[in-house]
Amino acid sequence: PLLFQEKMGRLKKGDTIRVVVGPGEKERKGGGRMRYTIEEFPEGEKPSAPVNILRPPMNMPSPQYGTDGRYTNYLAKHTAQCDAVLSNKPDLVFIGDSITARWPMELLQPKYGKYRPVNLGIGGDWIQNVMWRVLNGVLDKVKIKVIVLLIGTNNTNSFTPEEVAGGMRELLKIIHAKSPGSKILLMGIFPAGDSIRDPKCVKRLEANEKLVKLADNKTVFFLDISDKLVEPDGTISA
């Protein structure tokens, strides 16, 4: 009942309220933030149910929203990548999150330059974000031969391995509908943490056990390089 005691004046459409919730003791970590965006509705019209824009359901395509409740910056990145696809007309694209986004093109160019590769990685992406990008993208405007897809590590922090696999299944359907002539190389989620026994790493490896079943070895191929990223004793080097 005390959350909205702050005198904020008259609110108007588009205003965003940020609320920080406890705990507030120094020795305790945690808490969180809630964001509310004001909308106007005609008298008598009932608004739709609220949607969690920070953690959308696994089957809900969604852009990345910023702290202001909008996705202007994300849309700008997406639009620039769509322009690159249309101008390069690539045979090969890499789709993913920051792991993909941070690959310098000068490293990819010597090996894959003849395929006019385009990097479609955006840091922080979840499976749901890639769904939205594909649905609102231009993969249907060019003839892409191969799509390398590495996504899902950010989902494992909030979803079960079963849910991650289910979301990936839907994403593959969306990609095939948009670009039916493309072959997809589905990468296994990379290990994370201090070792393969780290709980967050275990979740990723369990997800990979389910992702491999999505490959038909005709249009979808699965490649897991987890063993290349860990030491012989199972630890993960910094």
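Residues numbered from 1 in each chain as written. Predicted model: local features only at pLDDT ≥ 70, side-chain atom pairs only at ≥ 80, totals over all residues. Heavy atoms only, no water.

Chemist: How would you summarise the packing of helix 5 (residues 161–178) against helix 6 (residues 199–211) if you had to cite specific residues and measurements?
Modeler: Two elements in contact, helix 5 and helix 6, have axes whose closest approach is 8 Å; the angle formed by their N-to-C orientations is 45°. With respect to helix 6, the axis of helix 5 lies oblique. Helix 5 and helix 6 meet at a crossing whose hand is right-handed. Along its contact with helix 5, which presents Pro161, Glu162, Val164, Ala165 and Met168, the element helix 6 presents Lys203, Glu206, Ala207, Lys210 and Leu211. Broken down by class, the residue content of the contact of helix 5 with helix 6 amounts to 6 nonpolar, no polar and 4 charged. (Axes fitted to C-alpha atoms, helices over the stretch in contact; angles between N-to-C directions. Helix = DSSP H or I, 4+ residues; strand = E, 2+ residues; numbered from the N terminus. Parallel < 35°, antiparallel > 145°, perpendicular 65-115°, else oblique. Left-handed = near helix turned anticlockwise from the far one by under 90°. Contact = heavy atoms within 4.5 Å. Nonpolar A, V, L, I, M, F, W, Y, C, P; charged D, E, K, R; others polar.)

Chemist: Outline the nonpolar core, listing residues and values.
Modeler: Grouped together as the largest cluster of nonpolar side chains are 36 residues, with contacts concentrated most on Leu149, Met168, Leu171 and Leu186. Ranked by the residues each element gives to this core, the list is headed by helix 5, at 7 residues. Leave out the neighbours within four places in its chain, and Met168 touches Ile127, Leu149, Ile151, Leu186, Leu211 and Leu214. Judged by nonpolar contacts, the second largest core, of 7 residues, contains Phe94, Leu108, Val148 and Met187. (Core = buried A, V, L, I, M, F, W, Y, C linked by side-chain atoms within 4.5 Å. Buried < 20%, exposed > 50% of the residue type's maximum accessible area, 1.4 Å probe, protein only.)

Chemist: Residues and numbers for the packing of aromatic side chains, please.
Modeler: Counting across every chain of the model gives 5 aromatic pairs. Aromatic pair Phe94 and Tyr112: ring centres 6.0 Å apart, planes at 65°, arrangement edge-to-face. Separated by 18 residues along the polypeptide, Phe94 in strand 3 (residues 92–96) and Tyr112 in helix 3 (residues 105–112) bring together distant segments of the chain. For Phe94, a relative accessible area of 14% translates into the label buried. Where Trp126 meets Phe159, the ring centres are 5.8 Å apart and the plane angle is 90°; that geometry is what we call edge-to-face. Here Phe159 lies in the loop between strand 5 (146–150) and helix 5 and Trp126 lies in the loop between strand 4 (118–121) and helix 4 (127–135), a separation of 33 residues in the sequence. An aromatic cluster of three or more residues is present, and its members are Tyr65, Tyr71, Tyr74 and Trp132. Across from the ring centre of Phe159, 4.4 Å away, lies the NZ or CZ of Arg55, which sits over that ring. (Phe/Tyr/Trp six-rings, centres within 6.5 Å; stacked < 30°, edge-to-face > 60°. Lys NZ or Arg CZ within 6 Å of the ring centre and 35° of its normal.)

Chemist: With reference to specific residues and values, describe helix 1 (residues 72–88).
Modeler: Over its 17 residues, helix 1 runs 24 Å from end to end, which matches the ideal 24 Å to within 8%, given 1.5 Å per residue. For helix 1, the complete set of buried residues consists of Tyr74, His78, Gln81, Cys82 and Val85. All buried residues of helix 1 fall inside an arc of 105° around its axis, so they share one side. Along helix 1, the residues that are exposed and aim more than 90 degrees away from the buried face are Thr72, Asn73 and Ser87. The inward-facing, buried residues of helix 1 contact strand 4 and helix 4. Trailing helix 1 by a residue or two, Lys89 shows a phi angle of about 50°, which is positive. (Expected span 1.5 Å × (residues − 1). Arc of directions from axis to C-beta.)

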